[in-house]
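Each chain, written out:
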Amino acid sequence: MGKVSSARSTAAPADDGADLARARAGDEAAFTRLVRPLRAELHAHCYRILGSPHDADDALQDALLRAWRAMPRFAGRSPLRTWLYTVATRACLDLVGTRGRRALPVDLGPASERAVVDGNDPVTGVAWLGPYPDARLPDDPASPHARYERREAVELAFVAALQHLPGNQRAALLLFDVLGFSAAEIAAMMDTSTGSVNSALARARRLVAERIPPRARHRAPTGDDRIRRTVLAYAHALERGDVDALVALLTKDVSWSMPPLRHWYQGIAAVTDFAVRVPMARCPSWRFLPTSANAQPAVAFYLGADDGPHLAWSITVLTLRDERIAGITSFLDPGHFAAFGLPPALETVRPDPAGPVFVGPRG
């Protein structure tokens, strides 16, 4: 089944002929002007393939350097946007070959039935999936021929499922189902045959469907007061140590994982046991700022003492279903905060009890 190329069907700006000629002649400023409108979508594409904002930074930097060096040879047989996606995809596939796939705790073993209080140290030697700041997502709509919305295709469950595919299958699925390129165009981009692309697509779709249960595809409405209330109620429940309020927000099959920790929990009994024995018992004092990541509501948590500063602790991404929390993924790495534009610490003054206004991801 062929598709119309997204290079012709999205809102990407037309190539500037004058700047294109200047860039071919070695004008770096002209090249920068040509690339600037496409950087956000190219970066998101790299993240979807690689599962890490940091790896996406590296891949995009490498891709743009390759494109700049090859610019004098760009013949214009395809739109500049298509060519840049070709270069970026190949840079990502090279990185996949050297860095492997990104993981979540669910990939390391089964869920724990009871809270693991001791011996749950950070796992080294694992490349962990990272959260993606919504502020970096492109604003342009998906191709009308795409099977996935652009923001749906950056949700944690989807990006995590992609990590179980070989690099060429990841790229084919994203280029076809998210970006709307045709199989023939993808074959040219990846230097293969149309038949190979269609075969890779079929295998990729089967695996992604297996790894994302149908119930996970029932997305909660985004950016409304219901989500804001749920997010704030969850954050306040942890802040107050109110287990009853927390449990009331959870689905029966809720999961909670905390990369880079190995142990994770599935089901309301195990999650409740963990919440009572670890974050509500062992963590001194919580503060939070609502945010959004991977087109999902999220909370930036800070830990400290009541009379001292609270330091960055985790970016916690929430998966909502029917206005309840079905998944909690707490990325325990203060290094993520800078990418979200969040401060590394909060002062001792308590935040407004109502919390900051949460702006949900735009659908």
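(A) Seen up close, the confidence of the model for the protein chain. Here the protein chain shows a mean pLDDT of 88. Residues at 70 or above account for 87%. By mean pLDDT, the top-scoring element of the protein chain is strand β2 (residues 265-266) (98), and the lowest-scoring one is helix α1 (residues 6-9) (38). Long-range and interchain partners of residues 355-363, a stretch whose pLDDT sits below 50, account for 28 contacts in this model, where long-range means more than four residues apart.

(B) Up close: unusual backbone geometry. Of the consecutive residues P259 and P260, the connecting peptide bond is found in the cis state with omega at 20°. If you trace the backbone, P260 turns up in the loop between β1 (250-257) and β2. Notably, E323 is not glycine yet its phi reads approximately 65°, a positive angle. On the basis of relative accessibility, which here comes to 37%, the residue E323 falls in the partly exposed class.

(C) Broad picture of the pattern of salt bridges. The final tally for this structure, using the stated rule, is 17 salt bridges. In this structure, the salt-bridge partner of E41 is R81, at a minimum N-O distance of 2.8 Å. Taken together, the positions of E41 in helix α4 (residues 39-50) and R81 in helix α6 (residues 80-99) put the pair 40 residues apart, joining distant regions of the chain. Pair check on accessibility: E41 and R81 agree, each one buried. A salt bridge links R277 to D273, with the nearest nitrogen and oxygen atoms 3.7 Å apart. With R277 and D273 both in helix α13 (residues 268-277), this residue pair falls four residues apart, about one helical turn.

(D) Seen up close, the nonpolar core. Within the largest apolar cluster, 80 residues are counted, with the highest numbers of intra-cluster contacts made by M71, W83, F158 and V208. Considering every element that reaches this core, the biggest residue donor is α6, with 10 residues. Apart from residues no more than four positions distant in its own chain, F158 is found in contact with Y148, E152, A153, L173, L174, V178, V208 and I212.

(E) Quick look at the pairing of strand β4 (residues 296-304). Within β4, nine of the nine residues are buried, which leaves the element mostly enclosed by the surrounding structure. Side-chain alternation along β4 places Q296, A298, A300, Y302 and G304 on one buried face and P297, V299, F301 and L303 on a second face that is also buried. In this structure, the hairpin formed by strand β3 (residues 285-293) and β4 is closed by a connection of two residues, where N294 is found at a positive phi of approximately 55°. One ladder, built from seven bridges, connects β4 with strand β5 (residues 310-321); its direction is antiparallel. Bridged to L303 within β5 is L311.

(F) Representation of the packing of aromatic side chains within the structure. Inspection of every chain in the model, using the stated rule, returns 11 aromatic pairs. Seen from their ring centres, W286 and F301 are 5.1 Å apart, and the 80° between their planes marks the pair as edge-to-face. Of this pair, W286 sits in strand β3 while F301 sits in strand β4, placing them 15 residues apart in sequence. Among the aromatic side chains, those forming a connected cluster through ring pairs are Y234, W256, Y265, F274, W286, F288 and F301.

(G) Spatial organisation of the pairing of β1. Counting buried positions along β1 gives six out of eight residues, so the element sits mostly inside the fold. Note that β1 and strand β6 (residues 324-331) share four bridges and pair parallel. Looking at β6, one finds that S257 is bridged to T329. Inspection of the sheet shows β1 paired to β2 by two bridges, in the antiparallel sense. Along β2, the bridge assignment pairs S255 with Q266.

The rules behind the values
- Residues numbered from 1 in each chain as written.
- Predicted model: local features only at pLDDT ≥ 70, side-chain atom pairs only at ≥ 80, totals over all residues.
- Heavy atoms only, no water.
- pLDDT = per-residue confidence, 0-100.
- Helix = DSSP H or I, 4+ residues; strand = E, 2+ residues; numbered from the N terminus.
- Contact = heavy atoms within 4.5 Å.
- Buried < 20%, exposed > 50% of the residue type's maximum accessible area, 1.4 Å probe, protein only.
- Salt bridge = Lys/Arg side-chain N within 4 Å of Asp/Glu carboxyl O.
- Core = buried A, V, L, I, M, F, W, Y, C linked by side-chain atoms within 4.5 Å.
- Pairing = 2+ DSSP bridges.
- Phe/Tyr/Trp six-rings, centres within 6.5 Å; stacked < 30°, edge-to-face > 60°.

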